[in-house]
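Observations on the model geometry
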Amino acid sequence: MRRSFKLLAAAATLGLALTGCGGSGDNSADTAAPASEATGSVGVFTWWADGSEKAGLDALVDVFKTDYPDLTFDNLAVAGGAGSQAKSVLAAQLKAGTPPDSFQAHAGAELQDYIDADQLEDLTGFYEENDLTSQFPADLIDRLTVDGKIYSVPSNIHRSNVVWANVDVLKDAGIDPEKPAEDLDAWISDLEKVKKSGKTPLAVAGSWTQVQLFENVLLASLGVDGYNGLWDGATDWKGEDVTKAIESYKTVLSYTNSDRDSLSDWAPATQLVQDGAAAYNLMGDWAEAKFTLDGDKAGTDYTYFPMPGTAGVFNFLADSFTLPVGAPNPAGAKAWLTTIGSAEGQTAFNKVKGSIPANTTAKTDDFSEYQKSAIADFSKDQIVSSLAHGAAVPVAWLNELSTAVSKFGGDGNVATLQESAGATAEKFAE
Ligand code: GAL
């Protein structure tokens, strides 16, 4: 396990966090019939079950149906943002030897889990057949390649460290929407201004959305090296800088909606900003898709900026699709993966999903201003790996840390969170 985190940290340092490291299985997708000969239905497992997320999936499925009119798309989505419900359902299916034809996973440590468990087919031959190696950036391909093999096709790149804000609520609180706070302390004083204006300063929901807020406060407080070090052992979880970061998280959390734990998912929290009930929501840029779908206008209705203290840093995650060992229709899965990797598929999907294409040949001319800014930032920012979205640590580590973060939401005990997060890191980084 240790090996994986060293590799991930190195990738992050190089600004290249997309990685599918490890795996010594000798599975091969090469024996399956080619996509062009696929028939029947293709079962695809995601957590894009409703709202703007389903709209993104639907846009991709439309391209798939055009590419493969004789195939039937079987939507196996399990609702719950960030795969909060889907991942355990999937784990049970994989354990029982009844995988879907393709499933969504996060590039990075989460994918590594599946590779280590020999649950994924090697897609190296598929990359060659589809000339994908030349369509994704060479350095990305380098990092997707481990022991000469590649195990997934990334559909998109998302950013987790974005704050979305209601323009009118900011103005009413005396905050200039065009001048976002530059660091955590300045943001906390803006949160206080909103509180005085009578609105909820920061909207958050339960479970993973708090972990995502936590990761970005850690990033803002510790900086890139300090944050990366939390996952590869270079940062001491017992250190005073970590205590200070957790204290800042406690302060930020104190400005959130009191009903946060009863909001089941990210969308209701983002909705509070859209409704003018709250000023800010820290959310991955799938939120851009929701604002757009709901007809909100950037600049007039809402605005966005990197989490204060993280400008110049792109907190990265990517969804990547697989061909599981034992998939009922491997040729059909290859057809799906062909659409996923294609320029047309990536343009159609990412335009609606709020993310940016991983395929560099995908057209983005009519993408939103936010997405254009994300494309520019991704090419120049420092890249770090998201904790809440499977890029930084494996699922078991994330689950344990998530439990501690959730407990902290109730008791606010800084020492307890620091100790348990440190103990978890020691356990998994060994
Ligand atoms: C992430 C996923 C995104 C989006 C988000 C909210 O984990 O990578 O594509 O779906 O969860 O559900």
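Not measured: the values here are computed from a predicted model.

With that out of the way, let us pick up the overall build of the protein. Along the protein, the regular secondary structure elements total 17 helices and twelve strands. Scaling as 2.2 N^0.38, a compact globule of 430 residues should have a C-alpha radius of gyration of about 22 Å, and the protein matches this with 21 Å. For the protein, the C-alpha atoms occupy an extent of roughly 65 × 50 × 35 Å along the three principal directions. Among the 430 residues that make up the protein, the fraction classed as buried is 59%. Counting every atom, the protein has about 16,100 Å² of accessible surface; 50% of that belongs to carbon and sulfur.

This brings us to the site of the ligand. Near the ligand lie 13 residues; those nearest to it are Glu53, His106, Asp319, Lys353 and His389. Between an oxygen atom of the ligand and a main-chain N or O atom of Ala82, the distance comes to 2.9 Å. His158 places a side-chain nitrogen or oxygen 3.5 Å from an oxygen atom of the ligand. Summarising the interface, the protein chains cover 100% of the accessible area of the ligand, which totals 300 Å² for the free molecule. Here the residues of the shell around the ligand sort into six nonpolar, four polar and three charged.

Let us now look at helix H16 (residues 395–411). Over its 17 residues, H16 runs 24 Å from end to end, which matches the ideal 24 Å to within 8%, given 1.5 Å per residue. Regarding H16, the residues found buried are Trp397, Leu398, Leu401, Ala404, Val405, Phe408 and Gly409. Angularly, the buried residues of H16 cover 150° about the axis, an arc narrow enough to put them on a single face. Exposed and oriented more than 90 degrees from the buried face of H16 are Thr403 and Gly410.

Within strand S1 (residues 41–45), four of the five residues are buried, which leaves the element mostly enclosed by the surrounding structure. Pairing of S1 with strand S2 (residues 72–75), which is carried by four bridges, proceeds in the parallel orientation. Its bridge partner being in S2, Ser41 is matched across the sheet by Thr72. The sheet contact formed by S1 and strand S3 (residues 102–106) spans two bridges and is parallel. The residue of S3 that forms the bridge with Phe45 is Phe103.

With that settled, the discussion passes to the packing of aromatic side chains. Scanning the entire structure with this criterion turns up 27 aromatic pairs. Ring centres 5.6 Å apart and planes at 25° place the aromatic pair Tyr249 and Phe408 in the stacked group. With Tyr249 in helix H10 (residues 240–253) and Phe408 in helix H16, this pair connects stretches of sequence that are 159 residues apart. In this structure Phe408 comes out as buried when scored by relative accessible area, which is 2%. On the numbers, 6.1 Å between centres and 15° between planes, the contact of Trp397 with Phe428 is stacked.

Attention shifts here to the confidence of the model for the protein. Across the protein, the average pLDDT comes to 91, with 92% of residues at 70 or higher. Every residue in residues 1–27 scores below 50 in pLDDT, and together they form 80 contacts with partners more than four places removed in sequence or on other chains.

Moving on to the sheet that holds strand S11 (residues 319–321). The strand order across the open sheet built from five strands is S2-S1-S3-S11-S4, with neighbouring strands paired in mixed fashion. With one partner strand each, in any of the chains shown, S2 and strand S4 (153–154) form the two edges of the open sheet.

Axis angle and axis distance: for two packed helices, these are the angle between their axes and the distance between the axes, and together they describe the pair. Running from N to C, helix H2 (residues 51–67) and helix H14 (residues 343–353) point in directions that differ by 165°, and their axes come no closer than 8 Å. As far as their axial angle goes, H14 and H2 are roughly antiparallel. In this structure, the crossing between H2 and H14 has a hand that is right-handed. For the pair H2 and H14, the contacting residues are Ser52, Glu53, Ala55, Gly56, Leu57, Ala59, Leu60 and Val63 in the first and Glu344, Gly345, Ala348, Phe349, Val352 and Lys353 in the second. Across the contact of H2 with H14, the residue classes break down as eight nonpolar, three polar and three charged.

Take the sheet that holds strand S7 (residues 200–203) next. Strand pairs in the sheet, formed through backbone hydrogen bonds, run parallel or antiparallel to each other. The four strands lie next to each other as S7-S8-S6-S9, forming an open sheet whose pairing is mixed. In this open sheet, the two strands that pair with only one neighbour each are S7 and strand S9 (302–306). The mean angle between the axes of side-by-side strands here comes to 20°, regardless of whether they run parallel or antiparallel. Relative to strand S8 (residues 278–282), strand S6 (residues 162–166) is paired through three bridges, and the arrangement is antiparallel. Note that in S8 the partner of Val163 across the bridge is Leu282.

Rules used throughout
- Residues numbered from 1 in each chain as written.
- Predicted model: local features only at pLDDT ≥ 70, side-chain atom pairs only at ≥ 80, totals over all residues.
- Heavy atoms only, no water.
- Helix = DSSP H or I, 4+ residues; strand = E, 2+ residues; numbered from the N terminus.
- Rg over C-alpha atoms; globule rule 2.2 N^0.38 Å.
- Buried < 20%, exposed > 50% of the residue type's maximum accessible area, 1.4 Å probe, protein only.
- Areas by Shrake-Rupley, 256 points an atom, 1.4 Å probe, with all protein chains shown as cover.
- Near = heavy atom within 4 Å.
- Polar contact = N/O pair within 3.5 Å; in protein donor to acceptor, adjacent residues only side chain to side chain.
- Nonpolar A, V, L, I, M, F, W, Y, C, P; charged D, E, K, R; others polar.
- Expected span 1.5 Å × (residues − 1).
- Arc of directions from axis to C-beta.
- Pairing = 2+ DSSP bridges.
- Phe/Tyr/Trp six-rings, centres within 6.5 Å; stacked < 30°, edge-to-face > 60°.
- pLDDT = per-residue confidence, 0-100.
- Contact = heavy atoms within 4.5 Å.
- Axes fitted to C-alpha atoms, helices over the stretch in contact; angles between N-to-C directions.
- Parallel < 35°, antiparallel > 145°, perpendicular 65-115°, else oblique.
- Left-handed = near helix turned anticlockwise from the far one by under 90°.

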